[in-house]
Each structure stands twice: as C-alpha cells, then as structure tokens.
There are 2 protein chains.
Amino acid sequence: MSMPNLSALQVAPTAPGDAVNLQALRASCSACSMHQLCLPMGLDQGDMQRLEQVISRRRRIKRDEVLYRPNDKFDMLYAIRLGHFKTFQQNPNGGQQITGFQMAGELLGMDAIGAGVHLCQAVALEDSEVCEIPFASLEELFRDVPVLLRQFHRMMSLEISREQRVMLTLGSMTAQQKMAAFLVNLSSRYVSRGYSSTRFQLRMTREEIGNYLGLAVESVSRLFSSFKKSGVVDVNHRELELLDLPALRAIALGTDPCA
Amino acid sequence: MSMPNLSALQVAPTAPGDAVNLQALRASCSACSMHQLCLPMGLDQGDMQRLEQVISRRRRIKRDEVLYRPNDKFDMLYAIRLGHFKTFQQNPNGGQQITGFQMAGELLGMDAIGAGVHLCQAVALEDSEVCEIPFASLEELFRDVPVLLRQFHRMMSLEISREQRVMLTLGSMTAQQKMAAFLVNLSSRYVSRGYSSTRFQLRMTREEIGNYLGLAVESVSRLFSSFKKSGVVDVNHRELELLDLPALRAIALGTDPCA
DNA sequence: CGGACGATTGAGGCCTCTCAAAGAAAGTGG
DNA sequence: CCACTTTCTTTGAGAGGCCTCAATCGTCCG
C-alpha cells in the first residue's frame, strides 16, 4: 500500500522574484493517464518520483500557440499530457512542411538534441498541456535510472521508425493509399490511448492533412468525399467515423479489390 | 605523447570452441578515420579504450550482402567503417522502399531499439566494413561515460532530423528539386568526410535513387541528362561531377532563375 | 450580421508514370 | 579472352493522376 500522491495539487516552489504562477504545477506521472505511453513506463514508484522532481512543471499551451520555433535553444523535452500538436519545418520557398502530428503520451523536441537548437516549429492544434522536461536534468537522472534511459532510447527509436514509415507512405503510394494509411494510423494511435478506433475528431484542417501527405487540399477533400460515397468512412467537418476499417487497411496496402 | 595503438592488429580473443576468425579484429577507434563523426567523437583516450573493448569486432560485408533483415533480433548497432549501405522497408505490394543511404561514420540499426527487432533491411552497396557494437554493453558503458551517451543521443537525434528533411523533400518538391537536393546532400556528406564536394562516385543505381526519391527510374535518368545538358553536372555512369554546386542548391531550394 | 476561414466541387493542364525498345556496361562461363 | 547473358541506362510516346485555378457554400467568431 502506497500513500496517495498529491504532488499534482502542489504549487511548484517559486523562484525569488517570480510571480506566483498557478499553472506551474508539479507534474505527477503516477496520476497521469499517459504514463504507460510516456517516459515513466516501466518505472517503479521510487524512480517515478525522481522523474517527477526533474519534470519542472506542467504548462498549458493554447490553440495556435507556439511551443518552440526554429533556432530556439534546445533545453527542454516536452511530454504531451493533453491535446494535439503539429510540427513543421519552414520550406525554403515560404511554405511549411508538416513533419508530424503528435498527441498525448508522445514526446516533442527529440530532433533538436543533435543540433542543440530546434530545427522545426511545434504548434498546438487545440488547447493542450505539456510536461516540461529539462534535458540536462534528465541526462543526470539517466545515470541512476537505467530503465528510464532505456525507455528514452525506445521512444527516440520509435520516432525514427515512425518517420521511416511516413517516408514509405510519401514515396510510393497513391493519394488514396496515403489518405487511408493516414486514417488507419490515427485510429491505431487512438486505440492505444483508450479511445475508439472508429470514431474520433480530426484535430487538423484538410490543408494540414494535405501538407503532411504531400497532397493538395482539394485532393484531400475529394478523397474524403469518395471514401464517404463508397461507404468506408462517414465524415462531417472534423467528425470522423471509420465505417469499414478493414477496407481502409486494404486500400492503404494497395490490396483493395475495388481499386 | 601517447603510445601508438596497435590493437587493430590483434586478433580478438576467441571463445572456447570457436574457430579462429582472422576477420574478428579488435576495433581501434583512435586509429579510425571516422572517429570524428562516429560515437567516439569527443571522448578522451581512456574512454575511447573502454569503447573499443565494447566493440566486439570489425566485420567485412561484401557487396549485396545483408547486414540485418526485418524481424532479426536487435542486439547490435553497426558503425560503418568503410563503404556504403542502403536500408529499405518491404512494401506491402512486394516492392521495397529505400529509407536511406548510409556511408562511413554513420550508425546503422538505431531504428530497431524501440521494437527490439529490426524493421528494415540493411544491404551493402559495395564491399564494406562495420564495427559491431553490442547494444547491451554499450548501455552499460553509458553509465560511466556520459560524454558517450550524449554523443549517442546526438546521433539518434540527427537521424530523426535527417528523416524529417527527407520528408520535406518527398512531400513538397518537384522531381528536379528532389534530384538536386539529393546530390547536394551527398556532396555535403562527402565534404565532412574529407572527400571532394564536387567529384564522387554514385554508389547506388538509378533505380535505387528513384526508389529513394519517389521517382521512376526513367525520370532519374532524364533528370541526369537534363542537368548534364544545362551544364550543372557532368555524369558518366556512376562517375559524377557537380559543375555548378550553387546552381544545384538554387534548384533544390526552388529559387532557380532558369526553372 | 458580416468577414474570414475552411471545405467542396468542377474544369483544364502539366508533370511524372507507364509502356516499349534499344544501347551500354558488367559479370559469367566456356 | 571472347561470346553470351544479365543488368543497368537511356530515350521516346502516350496516358493518367494530381495540381492549379476558380467559384460557391458552410461555419465560426468578432
């Protein structure tokens, strides 16, 4: 029997001169519904508390607010507690290329470790909440908590293989396949977060989807319409229902009999 | 003044029952021309020796030989000492999607840490040589050599941002831009290895380039021809010379005045 | 209520793929 | 060492998918 952890309710110690910030709450990993996906996965009670001491605070990010932008100095990782983000790189000719959509339980900022500065920009797609993880402190903790280090490596590696999957998508699929693969991917990520695999809200615009998949907005719209007409999805604005997940999978794999 | 390191010439201690393997040479990081790009970067003499003890052996990989394939258990990372590799994922409909070309000084296998098994296949594009790095031993060493851990994180992070760059390429560039960006990228990687920025050999086929960039072989061939005709490159078979690197950069960025 | 933004649908054009054929290079076996 | 096969590369012609341009409609928010 362990004592209930109330640290989530405590205000973080304010530095001298700082205004009291009610949002600077200590993070409580043990009480966080994402701890099975996030860094604390596999940690025992004691190690989890040490991690909580490293996580400086939780922070609310409003819709469209920027979490970090290119050339910002890298010193934090961000664990998404709640909400959705997009990350994008500036495209030389003005536009932006979205490199990913992130949801609760995922880690932001790992791509900046190498250069020491951020290379892309992270923006909240809706009102969200992140845990700020000072990377220097995290590195110190790695020495004492090998399980945590292993989990961190796991998450970095998963990010690499995720992007490899995207490359596969972008490189050698038709627009239809890309869209189907995108929806199936969202579905599977919602499942592992305890949400429905078939009904969820799109947190991004059609334009953002198209940007991510390398398609024009109009193509995305047409694909939604055609999927709707053939009965594999039902979609109203952002509200989405996957009526025939197996069919979507088949389309994504290019094994669709109705292609 | 330090003693010359002769460990590269010593045969690794053979386990009881093992046949003597002349190729199982101890790796010598200090004598390796790639140590400024690879894991030992920033390590002092002592730490480098500890790393050498972890690196079990060097291994020669012949052209077309497979280093690892999907579902192989992950227990090693591979540092490329010499030569070139490609990594690819199996495409559901039979084909393969190349996710990257790797050269000396780069690390292979990091994408497998997450799943514990390899997800893609690594094949040598020419006779090559790698250092085998048992990951479990490396993890132990991380505890004692924080600099090494930091360098490892740096390399994983660079891999993430490299793939983000590729996504940007694949997602929102014309065929011409993709090719130019590809050549410029190769050029810059050869520079940091001490080779010419303008003259080098392509280690991959046109088909592999096309596969990587999401283009048909014929498109790749046509693009080489058109680049040659406009005088920005000279190419004969695999022999390549970048005659106008600034122009190539401009094409890649979409700011080419002759577009 | 009106403006801004996002989404949908249509028409036309271009880029890149596919199909096809032939030449060149590299590797193989006698 | 040479003929042969295989693989790689190049070039052409045609088709198709997706983009661009344009207009309309619905929704959200000030």
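Residues numbered from 1 in each chain as written. Chains lettered and ligands numbered in written order. Predicted model: local features only at pLDDT ≥ 70, side-chain atom pairs only at ≥ 80, totals over all residues. Heavy atoms only, no water.

J.: Just to check I follow, could you spell out the relation of the copies chain B and chain A for this structure?
T.: Two copies of one chain are present, and they are related through a rotation about an axis combined with an axial shift. Superposing chain B onto chain A requires a rotation of 180° together with a translation of 0.0 Å along the rotation axis, leaving an RMSD of 0.0 Å. The superposition operator between the copies reduces to a two-fold rotation axis. Interface overlap between copies: 100% of the residues of chain B at the interface are likewise at the interface in chain A, consistent with a symmetric, same-surface contact. (Least-squares fit on C-alpha atoms with pLDDT ≥ 70 in both. Contact = heavy atoms within 4.5 Å.)

J.: Looking at this structure, I do not really get the protein's contact with DNA strand D. What am I missing?
T.: As a matter of local geometry, DNA strand D sits amid 17 residues, with Ala-175 and Ser-219 of chain A together with Arg-206, Ser-221 and Ser-225 of chain B nearest to it. Here, DNA strand D places atoms within 4 Å of the protein, and 58% of those atoms are sugar or phosphate. In the environment of DNA strand D, a phosphate oxygen lies 2.8 Å from a nitrogen or oxygen atom belonging to the backbone of Ala-175 of chain A. Listed by contribution, the elements that provide at least two residues to the surface near DNA strand D are α6 (217–229) of chain A together with α5 (206–213) and α6 (217–229) of chain B. No other element matches α6 of chain B, which puts four residues into the surface near DNA strand D. Per-class residue counts for the surface near DNA strand D are three nonpolar, seven polar and seven charged. (Near = heavy atom within 4 Å. Polar contact = N/O pair within 3.5 Å; in protein donor to acceptor, adjacent residues only side chain to side chain. Helix = DSSP H or I, 4+ residues; strand = E, 2+ residues; numbered from the N terminus. Nonpolar A, V, L, I, M, F, W, Y, C, P; charged D, E, K, R; others polar.)

J.: What am I meant to see in the UniProt feature "domain: HTH crp-type" (unreviewed entry) in chain A here?
T.: UniProt's entry tags residues 173–246 of chain A with the feature "domain: HTH crp-type" (unreviewed entry), counted in the numbering of this structure. Between the C-alpha atoms that bound residues 173–246 of chain A there is a distance of 18 Å. The span itself is 54% helix and 15% strand. (UniProt positions renumbered as here; feature names shortened; annotations may be inferred.)

J.: Any chance you could explain the pairing of strand β7 (residues 121–124) of chain A here in plain terms?
T.: When a strand is regular, its side chains alternate between the sheet's two faces. Residue and element names in this part refer to chain A. Alternating positions in β7 separate into two faces, Gln-121 and Val-123 on one and Ala-122 and Ala-124 on the other, with burial throughout. Bridge analysis of strand β2 (residues 66–68) against β7 gives two bridges, and the strand direction is antiparallel. Directly across from Tyr-68, in β7, lies its bridge partner Ala-122. Here four bridges tie strand β4 (residues 84–90) to β7, and the two strands are oriented antiparallel to one another. (Buried < 20%, exposed > 50% of the residue type's maximum accessible area, 1.4 Å probe, protein only. Pairing = 2+ DSSP bridges.)

J.: Would you mind going over the interface of chain B and chain A with me for this structure?
T.: Put simply, an interface is often sized by how much accessible area is lost when its parts join up. On the chain A side, the residues contacting the 44 residues of chain B number 44 residues. Approximately 3900 Å² of surface area, both sides summed, lies buried where chain B meets chain A, with 62% of it carried by carbon and sulfur atoms. Looking at the side of chain B facing chain A, the largest losses of area belong to Ile-160, Gln-164 and Met-167 of chain B, adding up to 18% of the total buried there. Summed over the shared surface of chain B and chain A, the number is two salt bridges. Here Arg-150 of chain A ties to Glu-139 of chain B by a salt bridge, and the two come within 3.1 Å at their closest N and O atoms. The interface formed by chain B and chain A includes 15 residue pairs in polar contact (both at pLDDT 80 or more). Counting only elements with at least two residues in the side of chain B that touches chain A, the list comes to β4 (84–90), β5 (96–103), α2 (135–144) and α3 (146–172) of chain B. Per element, the largest residue contribution to the side of chain B that touches chain A is 21 residues, and it comes from α3 of chain B. The residue makeup of the side of chain B that touches chain A, split by class, is 21 nonpolar, 15 polar and eight charged. (Buried area = accessible area lost by both parts, 1.4 Å probe. Salt bridge = Lys/Arg side-chain N within 4 Å of Asp/Glu carboxyl O.)

J.: Looking at this model, I keep getting lost on the domain arrangement of chain A. Mind explaining?
T.: Residue and element names in this part refer to chain A. Each assigned domain of chain A is listed here: domain 1 (22–166) and domain 2 (173–253). Each of domain 1 and domain 2 has a C-alpha centre, and these two points are 26 Å apart. Taken together, the 19 residues of domain 1 in the interface contact twelve residues of domain 2. When domain 1 packs against domain 2, close to 1400 Å² is buried across both sides, 54% of that on carbon and sulfur atoms. Summed over the shared surface of domain 1 and domain 2, the number is four salt bridges. At the boundary of domain 1 with domain 2, the tally comes to ten residue pairs in polar contact (both at pLDDT 80 or more). Going through the elements one at a time, β4, β5 (96–103) and α3 (146–172) are the ones with two or more residues in the side of domain 1 that touches domain 2. The dominant element in the side of domain 1 that touches domain 2, judged by the number of residues it contributes, is β5, at eight residues. Within the side of domain 1 that touches domain 2, the residues separate by chemical class into eight nonpolar, seven polar and four charged. (Domains from an automatic or database assignment.)

J.: I tried to follow unusual backbone geometry on my own but got confused; where do I start?
T.: Apart from glycine, the bulk of residues carry a negative phi angle, and the bulk of peptide bonds sit in the trans form. Even without a glycine there, the phi angle at Asp-64 of chain A is positive, about 70°. The residue Asp-64 of chain A is located in the loop between β1 (57–61) and β2 in this model. One non-glycine residue, His-237 of chain B, adopts positive backbone phi at about 55°. Structurally, the position occupied by His-237 of chain B is in the loop between β10 (233–236) and β11 (239–242). Of the residues examined, His-237 of chain B reaches a relative accessible area of 67% and is grouped as exposed.

J.: Looking at this structure, how should I read α5 of chain B?
T.: In an α-helix, one turn spans 3.6 residues; hence positions three or four apart end up facing the same way. α5 of chain B sits mainly inside the fold: six of its eight residues count as buried. Residues of α5 of chain B that are buried include every one of Glu-208, Ile-209, Gly-210, Asn-211, Tyr-212 and Leu-213 of chain B, and no others. Residues of α5 of chain B that are buried in the fold lie against α3 of chain A together with β4, β5, α3, α4 (175–191) and α6 of chain B. Following α5 of chain B by one or two positions, Gly-214 of chain B has its phi on the positive side, about 75°.

J.: It is not clear to me how the protein's contact with DNA strand C should be interpreted in this structure. Could you clarify?
T.: Contacts to DNA strand C come from 17 residues, most closely from Ser-221, Arg-222 and Ser-225 of chain A together with Ala-175 and Ser-219 of chain B. Among all atoms of DNA strand C positioned within 4 Å of the protein, those belonging to sugar or phosphate total 61%. One nitrogen or oxygen atom from the main chain of Ala-216 of chain B is found 3.0 Å from a phosphate oxygen belonging to DNA strand C. Between Arg-222 of chain B and DNA strand C, the recorded distance is 3.2 Å, taken from a side-chain N or O atom to a base oxygen. At the level of elements, α5 (206–213) and α6 of chain A together with α6 of chain B are the ones that each hand at least two residues to the surface near DNA strand C. It is α6 of chain A that provides the largest number of residues to the surface near DNA strand C, a total of four residues. Broken down by class, the residue content of the surface near DNA strand C amounts to three nonpolar, seven polar and seven charged.

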